[in-house]
Amino acid sequence: MRNVLLTLIISLAVLPASAQDQHIGTWQNNDNGDIGYVKFNAEGYAWFIINNTPQGGPSFTLDGEQCKMTYTVNYDAVPHTVDFIITSLESGQVVEKQLGIFAFKTDYQTMYLCLDLYRRNRPTTFEEDYTMVLARLWQ
């Protein structure tokens with residue numbers, strides 16, 4: 001785990017300013033044979049795809065309500081931050097907000113994404129139990 005943290009710190013330090021869209025694309029997580037995806041597009045929409053079922057984007061159903069899921073990122077923060085925001089299409093109210101952190105390996109083909117789905121707080125470190133290792137599929 002110590003080597004992972006060192007790699008993350010080094011990769012954050014060398015991120016060029018022009019690389020602030022490196023998160024855009026589809027990322028795959030393989031958790032002991034369970035395959036999931038996280039997708040970010042340039043228009044600000046995000047999706048979580050589990051069991052080939054997408055949740056997110058400009059329109060999806062959550063608990064019987066039509067919603068959208070957008071995201072914001074901050075590359076100036078170390079580690080970088082990401083907010084996943086679910087908004088009701090009918091009322092315009094934020095239904096849920098998931099706060100996270102992310103970093104890349106230096107080749108930008110691997111992303112570490114840490115979300116604390118239980119406490120709903122932004123993680124400050126890449127805790128092993130909450131960190132997904134995502135491989136870039138396509139952009």
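Residues numbered from 1 in each chain as written. Predicted model: local features only at pLDDT ≥ 70, side-chain atom pairs only at ≥ 80, totals over all residues. Heavy atoms only, no water.

Regarding the pattern of salt bridges
Where we set the bar: Salt-bridge detection follows one rule: a side-chain nitrogen of Lys or Arg within 4 Å of a carboxyl oxygen of Asp or Glu. Going along the chain from the N terminus, every DSSP run of H or I of four or more residues is numbered as a helix, and every run of E of two or more is numbered as a strand.
Summed over the entire model, instances satisfying the criterion amount to one salt bridge. We note a salt bridge from R122 to D83, for which the minimum N-O separation is 2.7 Å. Highlighted residues: R122 in the loop between β8 (110-115) and β9 (131-138) and D83 in strand β6 (residues 80-88), separated in sequence by 39 residues.

A word on the layout of surface pockets
Just so we agree on the cut-off: Any residue with an atom within 4 Å of a point lines the site, the site being either a cavity, points on a 1 Å grid over the protein atoms alone where a 1.4 Å probe fits but cannot get out, or a pocket, an open set with protein on both sides within 12 Å along at least 5 of 7 lines. Grid points are joined across faces, edges and corners, and a volume is the space filled by probe spheres set on the points. Ten residues, namely Ala, Val, Leu, Ile, Met, Phe, Trp, Tyr, Cys and Pro, are considered nonpolar, four, namely Asp, Glu, Lys and Arg, are considered charged, and the remaining ones, Gly among them, are considered polar.
In this structure, the largest pocket encloses a volume near 840 Å³. Contributing to the lining of the largest pocket are 32 residues, with F48, I50, L115, L117 and M132 lying nearest its centre. Counting residues per element, the ones that place at least two in the lining of the largest pocket are β1 (25-31), β2 (34-40), β3 (46-50), β4 (53-62), β6, β7 (94-104) and β9. Considering each element in turn, the lining of the largest pocket owes the most residues, five residues, to β2. Tallied by class, residues from the lining of the largest pocket come to 18 nonpolar, eight polar and six charged.

Observations regarding the packing of aromatic side chains
The line we're drawing: The criterion for an aromatic pair is that two Phe, Tyr or Trp rings (for Trp, the six-membered ring) have centres within 6.5 Å, with stacked assigned to planes under 30 degrees apart, edge-to-face to planes over 60 apart and tilted to the rest. Partly exposed describes any residue whose relative accessible area lies between the buried limit of under 20% and the exposed limit of over 50%, with all areas from a 1.4 Å probe on protein chains only and scaled to the type maximum. The rule for a charge over a ring is simple: NZ of Lys or CZ of Arg within 6 Å of the ring centre, and within 35 degrees of the ring normal.
If you walk through the whole model with that rule in mind, you get seven aromatic pairs. Judged by centre distance (5.5 Å) and plane angle (90°), the ring pair of Y75 and F102 falls under edge-to-face. With Y75 in the loop between β5 (65-74) and β6 and F102 in strand β7, this residue pair connects regions lying 27 residues apart in the sequence. As far as the burial class goes, Y75 and F102 line up, both buried. An aromatic cluster is built from W27, Y75, F102, F104 and Y108, whose rings are joined through pairwise contacts. Above the ring of W47, the side-chain terminus of K39 is found at 4.8 Å from the ring centroid.

Things to note about the pairing of β8
Heads up, the rule is: DSSP calls a pair of strands paired once it identifies at least 2 bridges connecting them.
With respect to burial, β8 is a largely interior element, six of its six residues being buried. In sequence, β7 turns back onto β8 through a hairpin of five residues, with Y108 there showing a positive phi of about 60°.

Focus on the confidence of the model for the chain
Here is the rule we go by: Confidence scores per residue from the predictor, reported as pLDDT, run from 0 to 100. Note on definitions: a residue-residue contact is assigned when non-hydrogen atoms from the two residues lie within 4.5 Å.
Put simply, the chain has an average pLDDT of 86, and 85% of its residues get 70 or more. Ignoring residues within four places in sequence, the model shows residues 1-18, a span with pLDDT below 50, making 24 contacts including any to other chains.

Notes on the nonpolar core
Rules: To define a nonpolar core, start from buried Ala, Val, Leu, Ile, Met, Phe, Trp, Tyr and Cys residues and group those joined through side-chain atoms within 4.5 Å.
Among the nonpolar cores identified, the biggest contains 20 residues, and F40, F84, M111 and L113 are the most heavily contacted of them. With five residues, the next largest nonpolar core counts I101, A103, Y112 and C114 among its residues.

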